[in-house]
Amino acid sequence: MSLPLPLDGLSAIVTGAGRGLGRAEALELARLGAAVVVNDYGQPGRDGSGEASAAPAEEVAAEIRAAGGRAVAHLGDVSDHQQARELVESAISAHGRLDILVNNAGILRDRMVFSMTEEEWDSVIRVHLKGHFNTTHFAAAHWRARSKATGGPVYGRIVNTSSEAFLAGSAGQPNYAAAKGGIVGLTTSTALALAKYGVTANAICPRARTRMTEDVFAGFQEPADGTLDPLAPEHVSPLVGYLASPAAAGVNGQLLVVHGGMVAVVERPRVAAQFDAAKETFTFAELDGLLTPYYADRPPNETFAAAEVLGSGTATARSSSTSPSRST
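Residues numbered from 1 in each chain as written. Predicted model: local features only at pLDDT ≥ 70, side-chain atom pairs only at ≥ 80, totals over all residues. Heavy atoms only, no water.

Student: Explain the packing of helix H1 (residues 20-31) against helix H2 (residues 55-66) to me, using residue names and the numbers behind them.
Tutor: Packing of H1 against H2 brings their axes to within 10 Å, and their N-to-C directions diverge by 25°. By the angle between their axes, H1 is roughly parallel relative to H2. Here H1 and H2 pass one another in a crossing that is right-handed. In contact with Arg23, Ala26, Leu27 and Ala30 of H1, H2 contributes Val60, Glu63 and Ile64. (Axes fitted to C-alpha atoms, helices over the stretch in contact; angles between N-to-C directions. Helix = DSSP H or I, 4+ residues; strand = E, 2+ residues; numbered from the N terminus. Parallel < 35°, antiparallel > 145°, perpendicular 65-115°, else oblique. Left-handed = near helix turned anticlockwise from the far one by under 90°. Contact = heavy atoms within 4.5 Å.)

Student: Help me get a handle on H2, residues and values and all.
Tutor: For H2, with twelve residues, the first-to-last C-alpha span of 16 Å sits near the 16 Å given by 1.5 Å per residue. In this fold, the buried residues of H2 make contact with H1, strand S2 (35-39) and strand S3 (71-74). Just downstream of H2 lies glycine 68, where phi reads positive at about 95°. (Expected span 1.5 Å × (residues − 1).)

Student: Explain the packing of helix H4 (residues 118-150) against helix H6 (residues 174-194) residue by residue, including any values.
Tutor: At a closest axis distance of 8 Å, the pairing of H4 and H6 adopts a crossing angle of 15°. With respect to H6, the axis of H4 lies roughly parallel. For the pair H4 and H6, the sense of crossing is right-handed. Judged by residue contacts, Glu120, Trp121, Val124, Ile125, His128, Leu129, His132, Phe133, Thr136 and Ala140 of H4 engage Pro174, Asn175, Tyr176, Ala178, Ala179, Lys180, Gly182, Ile183, Leu186, Thr190 and Leu194 from H6. Its residues assigned to classes, the contact of H4 with H6 shows 13 nonpolar, six polar and two charged. (Nonpolar A, V, L, I, M, F, W, Y, C, P; charged D, E, K, R; others polar.)

Student: Describe the pattern of salt bridges, with residues and values.
Tutor: For the coordinates displayed, the defined rule picks out nine salt bridges. One salt bridge in this structure joins glutamate 164 and arginine 207, with 2.6 Å as the shortest N-O distance. Residue glutamate 164 is found in helix H5 (residues 164-168), and its partner arginine 207 is found in the loop between strand S6 (199-206) and helix H7 (237-243); the two are separated by 43 residues along the sequence. Classification of glutamate 164 as buried rests on a relative accessible area of 1%. Residue class for arginine 207 comes out buried when judged on its relative accessible area of 0%. Across the pair glutamate 267 and arginine 270 runs a salt bridge, and its minimum N-O distance is 3.6 Å. Assigned by exposure class, glutamate 267 and arginine 270 land together as exposed. (Salt bridge = Lys/Arg side-chain N within 4 Å of Asp/Glu carboxyl O. Buried < 20%, exposed > 50% of the residue type's maximum accessible area, 1.4 Å probe, protein only.)

Student: Can you explain a nonpolar patch on the surface? Please cite residues and give values.
Tutor: Together, Phe275, Leu287, Leu291 and Tyr295 make up a nonpolar patch on the protein surface, roughly 340 Å² of accessible area in all. Structurally, phenylalanine 275 can be placed in the loop between strand S8 (262-265) and helix H8 (284-296). Of the residues examined, phenylalanine 275 reaches a relative accessible area of 30% and is grouped as partly exposed. (Patch = residues over 30% accessible without salt bridge, like charges linked within 9 Å, V, L, I, M, F, W, Y side chains within 5 Å. Areas by Shrake-Rupley, 256 points an atom, 1.4 Å probe, with all protein chains shown as cover.)

Below, the structure written as structure tokens:
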């Protein structure tokens, strides 16, 4: 008699699941037993351009069903509040419940901060950060209502997609880096707010070869010997499956970098130094006397950004660390 799969009986939403990382994540959740709502707005351009199409989501849902799983497709723009509501409601309607939310949908509109237009800023913040909030809002409300109705904790898992761009400070992506940093803040806030209802929320920073990163990793060829590409999205999806599972009940409010057979747990920031005023408050001269020499002794390019995280992992990952940030 075969053992039950880790996600048997659970229902999941994966946004941006028509291609790339989202597709691999939807397939993995289905392989682990979850019934999946495959969401994708289906625009062909990675900048969010072109006509919306149901085809990408329908194709992934059909692939899951052909393998014996359960899946329905959903054409919807998660940056639209009402469409995000309809997405959550569709999971409950199709599968009778919602247990897992994987937020992955995103676009890119790269430009240096002095050249970026208001629309380029707004569109990326809207799809990434507002899109994560919209779906999280409705899923959280659903779980809270269920918890109140049953008088105890329920099952809920949120996996959000951040990026190393926010950790390392991607110079040509101020909109994307800001959105991805905001997603981490949203994740930790959500984790604390929903823990009492039995819900966890975690964020991942994936590095993978997708439509979003095709130019970033253009110089790194896929293996010719038939082995799995170190930058394949399939290196990321098992972690998503784990975080969505009962086994990860003790993992909450965490940030993990994942790629090429490597998972790194990112430590929260720590205070490097503290200075106290001699009297009730600081004077300019006092701050000058404390902070100016402190920073004079530090490397000039050392900022809050943590570019060293780009060097973690395999040799392939290290060699591609010049600009690996566009990973969703």
